[in-house]
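Here's the letter readout for the chains.
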Amino acid sequence: MSSSWLSLYPREGDTPHGHEGPFSSLMTRKEAFGAMENGLRFDLIVFGCGLSGIAVAREAALAGARVLVVEPAYPGSNAGAWRDSLLREVSRSPWSLLRSWGDLQRILTSFAPHLTKVRPYEGAGRRGFGSRLALRRLHTIARSIGSPEIATGIPDSDERTLIRELALAARQEGVFVMGATTAGFVERDVESGTFRIAVRDLLSDEQRVVGGGGIFVDPTFSQSLVSRIGTPITKLPRVVRPHLAVVCSVEGSRELDFVRDVELAGGGLGTVCQLCPGVVEVTLLDVNGGADSATVSSLVRQVCEASGSTFIREVSRRSVGSVYGGHIAVENRRGILIAHDGAPWRFLTVVQKTLTYIEGDETARRSRRPLPGEWRGGEREEFVEKARSAGVCADTIAAVIERWHGRVRYIPEMERGFEEVCSGVLRGEIALAVLSDQVSSLEELLFGSLALHTVPGWRELVAPIAAVLVETGAVPSEAAAIERAFAAMSAA
């Protein structure tokens, strides 16, 4: 990093990455703020923990930089299913998808294959040659990673889990990944070109002023970077309208794990995906952001009926993802790198462009390290056998593996790890979330690590989970308020 424009501070001691073991190099939130208070300075400060932001942070750390990630919510809070973005591109921007399908295939087949799933697709009639060709390309990818008989499958990736995997991998390389934080102010030192940034802890309302050699802004980050007097120091990309994902209980849906897209009145697009028998997730894309709750409910019923299901009740709803454009670039605005993302699967291109700024044209080729949740030989069978021996039922085992993938290897190491806190949730999962995902609130645990917003009857599961979370001591009781979790998981 000696030639990097980020290496403006002398290095002290060994680089933080390279430790073995899942938690050997991870620091607590309290330790991280303590290090900031003692005057720790960073080579790169990343605003926003989306895919591009956390991937850039990890790669910069692998190159020897000291990196801080500032995220107002939590890693993966804005993530959505790739199937929705893919189907939108097929319908709205097929040529953009065709130009980037190589990136999509590379990520799904080599970067994070353990998070990839093929879903049979029942599509509406496609208009135009570009849409048909884009759909054919998706089916080609699906056949390469799924069963050959799934001729009309759609590849899908769990973006929420991918972001949390990258966040843990980045923390293992020494990156400070700080959820529930934001920038109080940003100052530029004109002479050195460095920055002074007030990092505000949204849980305690305290702030620490740190130095940064450069700034990277993730495309999902929407809060303005302002000076002490409130003047924006740079113009960020416009905030795009998110998708609205609604989980519903239904009747009459087939048991096949299918996905379907439906043209809505007014030019919008809706997708429906069966999560399990009797439960579907409806995502409304390109729908008027000012639509009221009654309009949303009407559209959800329309999508359910078009897919052959009868709507019963709404389980939860939340805003996810965003509407991506065809433009992808990284702008250098006097030391502030502003990323424009063409699609979620283009984040590796953003990383490559960013590292060109950081390391110059002769970017060293680094060997890829496996993500924490990737499976190793025999691990799945070993975990299943241990869980069965501990009396865990088959449905719970399947749910835990779906949530954690290869990271389930650490659950037996947790105290009373196989004890079932409530239906389908193990005590070890909560301890693992605290250690590896650094959860700081009940909402983060429910929405992020456990993703219980997709489970009908999730309200009955919240109280025992909150009690165990407080027992860990990592989250104060006020951050585990059940009423607030109910409001967050039920709100539009």
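Shown above is the structure to which this text applies.
Residues numbered from 1 in each chain as written. Predicted model: local features only at pLDDT ≥ 70, side-chain atom pairs only at ≥ 80, totals over all residues. Heavy atoms only, no water.

## A short note on unusual backbone geometry
Trans is the common state for peptide bonds, and a negative phi is the common state for residues other than glycine. For the record, the criterion: Helix and strand definitions here come from DSSP, where helices need a minimum of 4 consecutive H or I residues and strands a minimum of 2 consecutive E residues; each element is numbered from the N-terminal end. Here's how the labels work: a residue is buried when its accessible area is under 20% of the maximum for its type, exposed when over 50%, partly exposed in between, all with a 1.4 Å probe on protein chains only.
If you check the backbone angles, aspartate 205 has positive phi at about 60° while not being a glycine. Looking at the element boundaries, aspartate 205 is found in the loop between strand E7 (195-201) and strand E8 (207-217). Residue class for aspartate 205 comes out exposed when judged on its relative accessible area of 54%. The phi torsion at glutamine 438 lies on the positive side, around 55°, for a residue other than glycine. As for its position among the elements, glutamine 438 is in the loop between helix H11 (427-437) and helix H12 (442-449).

## Here we look at the environment of histidine 243
Positionally, histidine 243 belongs in strand E9 (residues 243-251). With a relative accessible area of 3%, histidine 243 lands in the buried category. Each C-alpha atom, one on histidine 243 and one on threonine 283, is 6.6 Å from the other, the two residues being 40 residues apart in sequence.

## Things to note about helix H13 (residues 459-471)
Turning to H13, its buried residues number three or more, namely Leu461, Val462, Ile465, Ala466, Val468 and Leu469. At the C-terminal side of H13, glycine 473 shows a positive phi close to 80°.

## Structural notes on the packing of aromatic side chains
For any pair of aromatic rings, the description rests on two quantities: the centre-to-centre distance and the angle between the ring planes. Heads up, the condition is: Note on aromatic contacts: the rings of Phe and Tyr and the six-membered ring of Trp form a pair at centre separations within 6.5 Å, being stacked when their planes are under 30 degrees apart, edge-to-face when over 60 apart, and tilted otherwise.
Enumeration according to the criterion identifies 6 aromatic pairs in this entry. Ring geometry for tryptophan 82 and tryptophan 345: centres 6.1 Å apart, planes at 65°, overall edge-to-face. Taken together, the residues tryptophan 82 in helix H3 (residues 82-92) and tryptophan 345 in the loop between strand E15 (336-340) and helix H8 (347-359) connect sequence positions 263 residues apart. The buried category is assigned to tryptophan 345, whose relative accessible area is 1%.

## Focus on the layout of surface pockets
This is how the line gets drawn: Cavity: a set of points on a 1 Å grid over the protein atoms alone where a 1.4 Å probe fits but cannot get out. Pocket: an open set with protein on both sides within 12 Å along at least five of seven lines, its lining residues, like those of a cavity, having an atom within 4 Å of a point. Grid points are joined across faces, edges and corners, and a volume is the space filled by probe spheres set on the points.
Taken as a whole, the largest pocket encloses approximately 1200 Å³ of empty space. Taken together, 41 residues line the largest pocket, and the ones lying closest to its centre are Arg160, Leu275, Glu402, Ala451 and Thr454. When residues of the lining of the largest pocket are assigned to their parent elements, the largest contribution, 6 residues, is made by helix H10 (residues 394-404).

## Some remarks on the sheet that holds strand E13 (residues 310-320)
Within a sheet, each strand pairs with its neighbour through backbone hydrogen bonds, oriented either parallel or antiparallel. Stated formally: For two strands to be treated as a pair, DSSP must find no fewer than two bridges joining them. Here an axis means a line fitted to C-alpha atoms, over the contact stretch when the element is a helix, while the angle between two N-to-C directions is reported on a 0 to 180 degree scale.
One open sheet accounts for 7 strands, arranged E4-E3-E10-E11-E12-E9-E13; its pairing is mixed. Every interior strand has two partners, whereas the edge strands, strand E4 (153-157) and E13, have only one. Across this sheet, the average inter-strand angle for adjacent strands is 30°, counted without regard to direction. In this structure, strand E10 (residues 259-263) lies alongside strand E11 (residues 269-276), joined through 5 bridges in antiparallel fashion.

## Details of empty space enclosed by the protein
Test applied: Under the convention adopted here, Pro, Cys and the residues Ala, Val, Leu, Ile, Met, Phe, Trp and Tyr are nonpolar, Asp, Glu, Lys and Arg are charged, and Gly plus all remaining residues are polar.
Within the structure shown, the criterion is met by 4 cavities of 30 Å³ or more. Along the wall of the largest cavity there are 14 residues; nearest its centre are Pro75, Val177, Asp437, Gln438 and Glu444. Elements represented by at least two residues in the lining of the largest cavity include exactly helix H6 (159-172), strand E5 (176-179) and H11. The element contributing the most residues to the lining of the largest cavity is H6, with 4 residues. Taken together, the residues of the lining of the largest cavity sort by class into 5 nonpolar, 4 polar and 5 charged.

## Points about helix H4 (residues 94-111)
Given 3.6 residues per helical turn, the α-helix brings residues three or four places apart onto the same face. Put simply, the test is: Given the number of residues in a helix, its expected span is that number minus one, multiplied by 1.5 Å. Fitting axes to the seven residues that end at a residue and to the seven that start at it, the angle between those axes gives the bend at that residue. We call two residues in contact whenever any of their non-hydrogen atoms come within 4.5 Å of each other.
The terminal C-alpha atoms of H4, which comprises 18 residues, lie 24 Å apart, in line with the 26 Å expected from a rise of 1.5 Å per residue. Of all bends in H4, the biggest is about 55°, found at serine 100. Every buried residue of H4 is accounted for by Pro94, Ser96, Leu97, Leu98, Ser100, Trp101, Asp103, Leu104, Ile107, Leu108 and Phe111. Looking at the buried side of H4, the elements it contacts are H3, strand E3 (116-122), helix H5 (129-145), E4, H6 and H8.

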